[in-house]
Amino acid sequence: MAFSAKPYCSTTTKPPIPTTHLSPSLSARAPRSAHGLSAAAGKSTPSIIRLRAFAQRIRASQQQQRRRPEYVPNRIDDPNYVRIFDTTLRDGEQSPGATMTSAEKLVVARQLARLGVDVIEAGFPASSPDDLDAVRSIAIEVGNPPEGEGVHVPVICGLSRCNRRDIDAAWEAVRHARRPRIHTFIATSEIHMQHKLRKTPEQVVAIAKEMVAYARSLGCPDVEFSPEDAGRSNREFLYHILEEVIKAGATTLNIPDTVGYTLPYEFGKLIVDIKANTPGIENAIISTHCQNDLGLATANTLAGARAGARQLEVTINGIGERAGNASLEEVVMAIKCRGELLDGLYTGINSQHITLTSKMVQEHSGLHVQPHKAIVGANAFAHESGIHQDGMLKYKGTYEIISPDDIGLTRANEFGIVLGKLSGRHAVRSKLVELGYEISDKEFEDFFKRYKEVAEKKKRVTDEDIEALLSDEIFQPKVIWSLADVQATCGTLGLSTATVKLIAPDGEEKIACSVGTGPVDAAYKAVDQIIQIPTVLREYGMTSVTEGIDAIATTRVVVTGDVTNNSKHALTGHPFNRSFSGSGAAMDIVVSSVRAYLSALNKMCSFAGAAKASSEVPESASVQSTE
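Bear in mind the structure is a predicted one, so any value in this text is a computation, not a measurement. (Residues numbered from 1 in each chain as written. Predicted model: local features only at pLDDT ≥ 70, side-chain atom pairs only at ≥ 80, totals over all residues. Heavy atoms only, no water.)

Chemist: I'd like a description of the overall build of the chain, backed by residues and values.
Modeler: Across its full length, the chain carries 17 helices and 14 strands. Counting only residues that meet the buried cut, the chain has 53% of its 627 residues in that class. Taking contacts inside the chain between residues at least 6 apart in sequence as the whole, the part at least 24 apart equals 68%. With an accessible surface of roughly 28,500 Å², the chain has 54% of that area assigned to carbon and sulfur atoms. (Helix = DSSP H or I, 4+ residues; strand = E, 2+ residues; numbered from the N terminus. Buried < 20%, exposed > 50% of the residue type's maximum accessible area, 1.4 Å probe, protein only. Contact = heavy atoms within 4.5 Å. Areas by Shrake-Rupley, 256 points an atom, 1.4 Å probe, with all protein chains shown as cover.)

Shown next as structure tokens:
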């Protein structure tokens, strides 16, 4: 029996290029680097430049062959096209300590649009005034790209429970987008209806119908409905409530496996049964939303797609509530890699933006992926076994089914620019554009000042250094307290001490000294003496951005406090004590630590201020709540 070797899912390596057609510098006999290219590949030789250009032409032509269908809320003209609904900024942010600032959310939303996601669920506007403002900003800026041929316009979505107050808040936030969507949900499983909602099935159907109709009455042409905990709901009841919300105007029906309970064959059967037994289902898109409690989120999502779901709800890096959600990069690359076994399904995702998007979400959420994470983990394309290395040196397809280039892992610099202390503004700005960052002129000048400080101390500034400095200088919360100076002493001959000078919101300088078990402990106690907000340090971690003794140190902390912030959980609606993450970067570990701590405290102060302002709004001016 003969088998056809199909080693790569890559668009740039099918079919593989025979080594006899390459120049000697790229032949199989040439010395190889860790990435499988020849040692000469670091140089921009004409052969390499021609090969890259050839690969780019292939990618462009293949993208033209499968264009994204024109967006219509309740139908997709190409039956093989699958919409990607990203909920990183809503469900992903529910991960403990993953709170992002409004500025960070906007940056991530821009990158999600570049990635090509069809729908961006930007948040839960009713949860807090800050979240409403963040979703509104995303709707205005990301939801209204410049007009032009081929410009992708993502749908901007806001989540709401089935009540008028939530729906009003969601509509106020997303209505500014060119393609707005309201996503409303109510629980339908017996255990949820009985113990959480304390409502009868008839009451739940009535509420769902009324609220979907209300969302449409506001002028929203695109309404998604989710029967929460559908995986454990009674099938006949599920068919009935879905039929009623379709009649009320729902354009997308999302089927969530809220607690990650189902197995892939079960979830696929659920989608098949819904398609077969729900009257009017042809007038709506079926969607999936799979949690990862049993580690089956990606498998269940793919099973749902194969069974007929044409919208898949995912998050970058799989972040989310509890064990997380289906991972965008896993789902998208599985469809791209094994599309022939999924009946020819495809997405509109530009997979070459996956690595950058993953790194950006890690940086801004503070949630770093494990090294063995599929697709984006540090070890995903690493080969240490001698047998594997031998195979890779002979032919990369022996142990790699995906080309790293296809997810944007290798960012080759064809112009030979290496940033250092002599690099000027133009070179640094070009590097930021290459990395996918768009910042204002003022933000660039602030960043460039920090860059020069680091470049004076390091021989070479890497991409990772650039991203760490950007996060620390630009994508921080609104500055309330800022660091002026910190000085610490430590060692075995006495107590560790620290002196900290902060600049208060009114510009006044505040100085405090403290002792501690180490320099970081002493510095944090000095900060607490100045700011005087009761906090609990929940997590503290530090990593080196690059190798070498002169590397930049990045610190991440998570704190909680007694600050009232009026935040509500998206599923339960109950207030909760929000945790706040902060990050800092510096070549001095104490400075890096203090920057991270101040970042978290500034987030806490910002949320406290927004909550106080919201509580002072006259009741007559607030959004009325009606169940």
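Next comes the rest of the account.
Chemist: Which residues make up the packing of aromatic side chains, and what are the values?
Modeler: Each aromatic ring pair is characterised by the separation of its centres together with the angle its planes make. Scanning all chains against the criterion turns up six aromatic pairs. Between Tyr524 and Tyr540, the aromatic rings sit 6.4 Å apart at their centres with planes inclined by 70 degrees, giving edge-to-face as the arrangement. Of the two residues, Tyr524 sits in helix 16 (residues 519–531) while Tyr540 sits in strand 12 (residues 535–544), which places them 16 residues apart along the sequence. Owing to a relative accessible area of 37%, Tyr540 belongs among the partly exposed residues under this scheme. Residues Tyr524 and Tyr597 carry aromatic rings whose centres are separated by 4.1 Å and whose planes lie at 10 degrees to one another, so their mutual orientation is stacked. Of this pair, Tyr524 sits in helix 16 while Tyr597 sits in helix 17 (residues 589–615), and the two are 73 residues apart along the sequence. Among the aromatic side chains, those forming a connected cluster through ring pairs are Phe444, Phe447, Phe448 and Tyr451. Over the face of the ring belonging to Tyr214 we find Arg164, whose NZ or CZ atom lies 4.2 Å from the ring centre. The ring of Phe444 carries Arg429 above its face, with NZ or CZ at 4.8 Å from the centroid. (Phe/Tyr/Trp six-rings, centres within 6.5 Å; stacked < 30°, edge-to-face > 60°. Lys NZ or Arg CZ within 6 Å of the ring centre and 35° of its normal.)

Chemist: Go over the nonpolar core, please, and point to the residues and values.
Modeler: Residues Phe225, Ile255, Ile274, Phe447, Tyr451 and Ile466 are the most contacted members of the largest nonpolar core, which totals 113 residues. Within the second largest apolar cluster, 31 residues are counted, among which are Ala504, Ala522, Ile531 and Phe607. (Core = buried A, V, L, I, M, F, W, Y, C linked by side-chain atoms within 4.5 Å.)

Chemist: Can you tell me about the pairing of strand 8 (residues 311–314), naming the residues and giving the values?
Modeler: Within a regular strand, side chains alternate between the sheet's two faces. Here strand 8 shows a buried face lined by Gln311 and Glu313 and a second buried face lined by Leu312 and Val314. As paired elements, strand 1 (residues 83–86) and strand 8 share four bridges and run parallel to each other. Looking at strand 8, one finds that Ile84 is bridged to Leu312. With three bridges joining them, strand 7 (residues 285–290) and strand 8 adopt parallel strand pairing. Across the sheet, residue Thr288 finds its bridge partner in strand 8, namely Leu312. The handedness of the strand 7 to strand 8 crossover, carried by helix 9 (residues 297–307), is right-handed. (Pairing = 2+ DSSP bridges. Right-handed = clockwise from strand over helix to strand, strands pointing away.)

Chemist: How would you summarise the environment of Asn300 if you had to cite specific residues and measurements?
Modeler: Mapped onto the secondary structure, Asn300 falls in helix 9. Note on Asn300: relative accessible area 0%, which makes it buried. Remark: the alpha-carbon pair of Asn300 and Pro264, spanning 36 residues in sequence, is separated by 4.4 Å. Each residue touching Asn300, except ones within four places of it in the same chain, is listed here: Asp257, Thr262, Leu263, Pro264, Phe267 and Cys290.

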